[in-house]
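Read off the chains here:
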Amino acid sequence: MLTIEAFEHKLKEKVKQARGVDIAGAADKDIYYAVAAIVQENMHENWHETKKAYEDQQERQVYYVSMEFLIGRLLESNLLNCGLRDVCHEALHRLGRSPEDIYAEEHDAGLGNGGLGRLAACFLDSMASLQYAGHGSGIRYRYGLFEQRIIHGNQVELPDYWLKETYPWETRKADEALTIHFGGEVDMHTRADGTLEFSPRNTDEVRAVPYDVPVAGYDNNVVNTLRLWSAELPPEDSHLLGDSESRYYHHLDHMHSIEQISGFLYPDDSNYEGKELRLKQQYFLVSATLQQIIGDFKRVHDLPLKQMHQKICVQINDTHPSLAVPELMRLLMDQEGLNWDDAWHVTRHTIAYTNHTTLSEALEKWPVDMIKHVLPRSFMIINEINERFCQGLWFDHPELRDKIPELAVIADDQVHMARLAIVGSFSVNGVAQLHTDILKKSEMKDFHELYPGKFNNKTNGITHRRWLLQVNTELADTISDAIGPQWIQQPSKLAGLLRYTNDNAFLQKLDQVKRNNKAKMTDIIQKQTGISVDPDSIFDVQIKRLHEYKRQLLNVFHVIYLYNEIKDNPAMDITPRTFIFAAKAAPGYYMAKEIIKLIHHVASVVNHDKDVKGRLKLIFMENYNVSLAESIIPAADLSEQISTAGKEASGTGNMKMMMNGALTVGTMDGANVEIHDLVGRDNIFIFGLSSSEIQQYRDEGSYNAKEIYHADDRVRRIMDQLNGGDFGSQEIEFKDIFYHILSHNDPYFVLKDFEDYIVTQEHVDSTFRIREKWQQKALVNIAYSGKFSSDRTIHEYAADIWNIAPVRFSTPSL
Ligand code: 26V
């Protein structure tokens, strides 16, 4: 382990080497690269040893395959996990540099949209920290999720060219590049033994080059790998001259388009669009990953490929990598010579699928013609899977004959990726209990009856190392002072805090920590928005992607309601509140963008109205990303988790804020249900319709939004304000929101849940005034948040799906 002096010495040396300057003359960026190099060096040997240990032990390996890994910044988390954070901070302080400024030099790796991508990043941290042989496989997009700017209240998107400067964590492994084939035709020959041989012809080739990013476990010397694939030109192109003019031009076109495959991350996480480039990205990821897995399996194990599933498990993150099913079949049959039955056995025992949404508009369906054209051999295999599956239904399940069109992998000239993933895997899991129940009881009911043992729940989690230990050091220290540091290794030990429930001194300490975090946030808000907020007000936080189902609109209605109340009665007694929003809208999502515009417009009215006297402030923080979340979450008092019940599969921001001592105001949706069940009804503010009530309204068609509009004066007043009233003017108006709600009968039940939300928020207001009572509830939330560590989640995946145990290392350094 490096001493402070040694660290300081190395740092000076690195800066000198790289920049030729003394540390005093070095820019923060130079120091960032120097610290990163020290950490990288520190991990290097352990990385090598970890790989060697996995190979020597020949245990089962897990590959977490995901189109998204929202890893954010890595310097501080790597320092933390390697046990170097304190040493580094001390060394930097001695040199008169601020660690925060150094960390801020790192560009966020925004290779994900939101919850699904961040979950993958938390899982990597937990797999390494728990010593599981688990690796990530994803795409090295040259452009991450767009950067959001707000101009006159409107979102505009800028490209996120995060690789502009050297990314110090990646290592290019050109010698491990693989070739991926697209398009072309498939030739069929009958072999002497009567079996069929398939060989591709006239395909377009793309080189998949891996870039490896180390994933350090916490205090255990394990370093796993996140492998990100980059699409490049094949080294030499023998086909370029082609045998005809048309092939020649075809190849030129292809050469121009290759690098687009890992060009950018698709930014729409709600609305599936059948874009050919996205299909190519998915196949590129899946084919590269599986080719590598098979290659490694053959190199490491002395076993026939028929037994591959004993050593390999592939967890697919949503259906995005579900082409893994036909691709594994193809590789096993066409390249490795297995017959259909053996290949199918291996495939169905290797792949496991996680579902992350029941929103029908997000379900992936690819047009048959597109798959046929881009991936002709995959299509043949999907077709065969479908034929066999449907025949099985027809003969073995006559009771399901009528349902074949709803179950078939290919229907209406489309390939239904969720069905392919269910049929081709051994495990299908939802991400919170309620979500899994909905899958089993409604969305995937027939499949659940067909394969009863296949469906299971794995409630999401977050890494408590990043989301508490790293981002809220003062709270982490306070906890350790009270109950010892064991919670860091075993987060369920946070429950030990419960014995402080009636300890006033401790509750005051919690209050002080929160106050300090809010003071820091106040400065950040001032700097970024120019608005001053009251650090003693309730910090009421809703930070997540902008979606109608997440109901940011309900939150805005609450702000407008309070504003109206103050205007009617300026002397009213109200606990001051700061409403903090941060959210990116998908670039083509009109309503989401209107809601962002509305938030800004309401802010411009409320924040400047003299009658309000600063009691309400509305803040929208631009460009929500992992780093912004890290500064907002420790400062949150109230966590807004107000989705229409049944729509949010789990949510993970709810867990992060709970762990940082925020109280939740939420519906009985996703993991809120489990938070409620743990902390009890007195320590959470639950409101609104349940998912079954919503379902009933939908089934019966018995909800009438217009009735509420006419009956509830408060609702009508707000709606009319949008429709050309106080919140509309010549230049700006929100009629579309007004008409959208009323003409579609308020599909997300905003008006229906309004009353209960307002009453519940009044309860929040009065509870917040009694500091000790509030902190007591905060403490209960922190104490029970251990369940939501992704360590718990990963242990469950390992035990119930992956069938792997933590790896024990014999090497002395490990
Ligand atoms: C869908 C699509 C479809 C079109 C192309 C781009 C794209 C990108 C992502 C998605 C997936 C949306 C599903 C999703 O993000 N689900 C979220 O998963 C979280 C982790 O399980 C969970 O906490 C959230 O509740 C859930 O909304």
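Residues numbered from 1 in each chain as written. Predicted model: local features only at pLDDT ≥ 70, side-chain atom pairs only at ≥ 80, totals over all residues. Heavy atoms only, no water.

Q: I would appreciate a short explanation of the sheet that holds strand E20 (residues 538–543) in the present structure.
A: Hydrogen bonds along the backbone pair up the strands of a sheet, which may run parallel or antiparallel. Pairing within the open sheet is parallel, and its six strands lie in the order E22-E21-E20-E23-E24-E25. The outermost strands of the open sheet, each flanked by one partner alone, are strand E22 (616–620) and strand E25 (685–686). Where strand E24 (residues 663–666) lies against E25, two bridges are found, and the strand directions are parallel. Bridge pairing in E25 links Gly 666 to Ile 686. Sheet strands touched by helix H21 (residues 552–568): E20, strand E21 (577–582), E22 and strand E23 (638–641). Its angle to E21, the strand with the most contacts, is close to 155°. (Pairing = 2+ DSSP bridges. Helix = DSSP H or I, 4+ residues; strand = E, 2+ residues; numbered from the N terminus. Contact = heavy atoms within 4.5 Å. Axes fitted to C-alpha atoms, helices over the stretch in contact; angles between N-to-C directions.)

Q: Explanation requested: the site of the ligand in the structure shown.
A: In the vicinity of the ligand, 19 residues are found, and the nearest of them are Asp 268, His 356, Asn 460, Glu 648 and Gly 651. At 2.8 Å from an oxygen atom of the ligand is found a side-chain nitrogen or oxygen belonging to Asn 460. For the ligand, an oxygen atom lies 2.9 Å from a polar atom in the backbone of Gly 651. Look at the ligand: alone it shows 600 Å² of surface, and the protein chains cover 93% of it. Element by element, the count of residues in the shell around the ligand is highest for helix H6 (residues 115–129), at three residues. Per-class residue counts for the shell around the ligand are six nonpolar, eight polar and five charged. (Near = heavy atom within 4 Å. Polar contact = N/O pair within 3.5 Å; in protein donor to acceptor, adjacent residues only side chain to side chain. Areas by Shrake-Rupley, 256 points an atom, 1.4 Å probe, with all protein chains shown as cover. Nonpolar A, V, L, I, M, F, W, Y, C, P; charged D, E, K, R; others polar.)

Q: I'm lost on unusual backbone geometry in this one. Help?
A: Where the residue is not glycine, phi is negative for most of them; where a peptide bond is considered, it is trans in most cases. In this structure, Gln 131 takes a positive phi of about 65° despite not being glycine. One can find Gln 131 in the loop between H6 and strand E4 (134–139). Of note in the backbone geometry, Lys 613 takes a positive phi value of approximately 50° without being a glycine. For Lys 613, the location among the structural elements is in the loop between helix H22 (590–606) and E22. Overall, the relative accessible area of 59% leaves Lys 613 in the exposed class. (Buried < 20%, exposed > 50% of the residue type's maximum accessible area, 1.4 Å probe, protein only.)

Q: I tried to follow the packing of H21 against H22 on my own but got confused; where do I start?
A: The geometry of a pair of packed helices is captured by two quantities: the angle between their axes and the separation between those axes. For the pair H21 and H22, interaxial distance at closest approach is 11 Å and the crossing angle is 20°. Compared by their axis directions, H21 and H22 come out roughly parallel. Seen from above, H21 lies across H22 with left-handed handedness. Facing Gln 552, Leu 553, Val 556, Val 559, Ile 560 and Tyr 563 of H21, the residues of H22 in contact are Ile 595, Leu 598, Ile 599, Val 602, Val 605 and Val 606. Here the residues of the contact of H21 with H22 sort into eleven nonpolar, one polar and no charged. (Parallel < 35°, antiparallel > 145°, perpendicular 65-115°, else oblique. Left-handed = near helix turned anticlockwise from the far one by under 90°.)

Q: What am I meant to see in the pairing of strand E9 (residues 185–190) here?
A: Residues in a regular strand point their side chains to alternate faces of the sheet. Relative to strand E10 (residues 196–201), E9 is paired through six bridges, and the arrangement is antiparallel. Its bridge partner lying in E10, Asp 187 is registered against Ser 199. Two successive antiparallel strands, E9 and E10, enclose a turn made up of five residues, where Gly 194 displays a positive phi of approximately 90°.

Q: Mind showing me how you'd approach the packing of aromatic side chains here?
A: Here the distance between the centres and the angle between the planes together describe a pair of aromatic rings. According to the stated counting rule, one finds 22 aromatic pairs in the structure shown. Taken together, a centroid distance of 5.7 Å and an interplanar angle of 70° make the contact between Phe 182 and Tyr 283 edge-to-face. Note that Phe 182 is positioned in strand E8 (residues 178–182) and Tyr 283 in helix H8 (residues 276–300), a separation of 101 residues in sequence. Judged by relative accessible area, Phe 182 falls into the buried class, the value being 3%. Residues Tyr 248 and Tyr 249 carry aromatic rings whose centres are separated by 5.4 Å and whose planes lie at 80° to one another, so their mutual orientation is edge-to-face. According to the relative accessible area criterion, Tyr 249 is partly exposed, its value standing at 46%. Taking the ring centre of Phe 198 as reference, the NZ or CZ of Arg 377 above it sits at 3.6 Å. (Phe/Tyr/Trp six-rings, centres within 6.5 Å; stacked < 30°, edge-to-face > 60°. Lys NZ or Arg CZ within 6 Å of the ring centre and 35° of its normal.)

Q: Would you take a moment to explain the packing of helix H30 (residues 750–769) against helix H31 (residues 771–784) for this structure?
A: For the pair H30 and H31, interaxial distance at closest approach is 5 Å and the crossing angle is 110°. Here H30 is positioned roughly perpendicular relative to H31, judged by the angle of their axes. Here Val 764, Thr 767, Phe 768 and Arg 769 of H30 lie close against H31, whose contacting residues are Arg 771, Lys 773, Trp 774 and Lys 777. Looking at the contact of H30 with H31, its residues break down into three nonpolar, one polar and four charged.

Q: So what exactly am I meant to see when it comes to the sheet that holds strand E16 (residues 410–411) here?
A: Pairing in this open sheet of three strands is antiparallel, and the strands run E15-E17-E16 from one edge to the other. Looking at strand neighbours, the two that pair on one side only are strand E15 (365–367) and E16, the edges of this open sheet. Here E16 pairs with strand E17 (residues 414–416) via two bridges, running antiparallel. Bridge pairing in E17 places Ala 411 opposite Gln 414.

Q: Sorry, what's going on with empty space enclosed by the protein here?
A: Where empty space is left can be seen by rolling a probe of water-molecule size over the atoms. Throughout the structure, instances matching the rule amount to five cavities of 30 Å³ or more. Estimated volume of the largest cavity: approximately 190 Å³. Every residue lining the largest cavity is counted, 16 residues in all, and those nearest its centre are Leu 74, Ser 77, Ala 121, Asp 125 and Val 215. Looking at the lining of the largest cavity, the elements that each hand over two or more residues are helix H3 (75–81), H6 and strand E11 (204–216). Its residues placed into classes, the lining of the largest cavity shows nine nonpolar, four polar and three charged. Reported here for the second largest cavity is a volume of approximately 140 Å³. If you go around the second largest cavity, you meet 15 residues; those closest to its centre are Glu 548, Leu 553, Ile 741, Tyr 748 and Val 750. Ranked by residues supplied to the lining of the second largest cavity, first place goes to helix H29 (residues 735–743) with three residues. Counted by class, the lining of the second largest cavity contains nine nonpolar, three polar and three charged residues. (1 Å grid on protein atoms, 1.4 Å probe; cavity = no way out; pocket = protein on both sides within 12 Å on 5 of 7 lines; lining within 4 Å. Points joined across faces, edges and corners; volume = space filled by probe spheres on them.)

Q: What's the story with the nonpolar core in this structure? I'm lost.
A: Grouped burial of nonpolar side chains is what soluble globular proteins tend to show. Phe 7, Leu 11, Leu 75, Trp 169, Phe 284 and Trp 802 are the most contacted members of the largest nonpolar core, which totals 149 residues. The contact partners of Trp 802, leaving out residues within four places of it in the chain, are Arg 60, Val 62, Tyr 64, Met 127, Cys 313, Gln 315, Ile 794 and Tyr 797. Counting 67 residues, the second-largest nonpolar core is a separate cluster that includes Tyr 561, Tyr 589, Phe 685 and Trp 774. (Core = buried A, V, L, I, M, F, W, Y, C linked by side-chain atoms within 4.5 Å.)

Q: Teacher, can you tell me more about the side chain of Thr 760 here?
A: Within the fold, Thr 760 resides in helix H30. Given a relative accessible area of 8%, Thr 760 falls into the buried group. Look past the residues within four positions of Thr 760 in its chain and what remains in contact with it is Val 665, Phe 685, Ile 686 and Phe 687.

Q: How should the side chain of Asn 317 be read in this particular structure?
A: Its location among the elements puts Asn 317 in strand E13 (residues 312–317). When its relative accessible area of 0% is taken as the criterion, Asn 317 is described as buried. Among the polar contacts listed, one links the side chain of Asn 317 to the side chain of His 356, at a separation of 2.5 Å. Beyond its immediate stretch of four places on either side in the chain, Asn 317 contacts Tyr 64, Val 65, Ser 66, Leu 116, Ala 120, Thr 354 and His 356.

Q: Hey, could you run me through the pattern of salt bridges in this one?
A: For side chains bearing opposite charge, pairing can occur when the charged atoms are close. Under the counting rule described, the total for this entry stands at 59 salt bridges. Glu 41 serves as the salt-bridge partner of Lys 14, at 2.4 Å between the closest nitrogen and oxygen. Of this pair, Lys 14 sits in helix H1 (residues 4–19) while Glu 41 sits in helix H2 (residues 28–57), and the two are 27 residues apart along the sequence. (Salt bridge = Lys/Arg side-chain N within 4 Å of Asp/Glu carboxyl O.)

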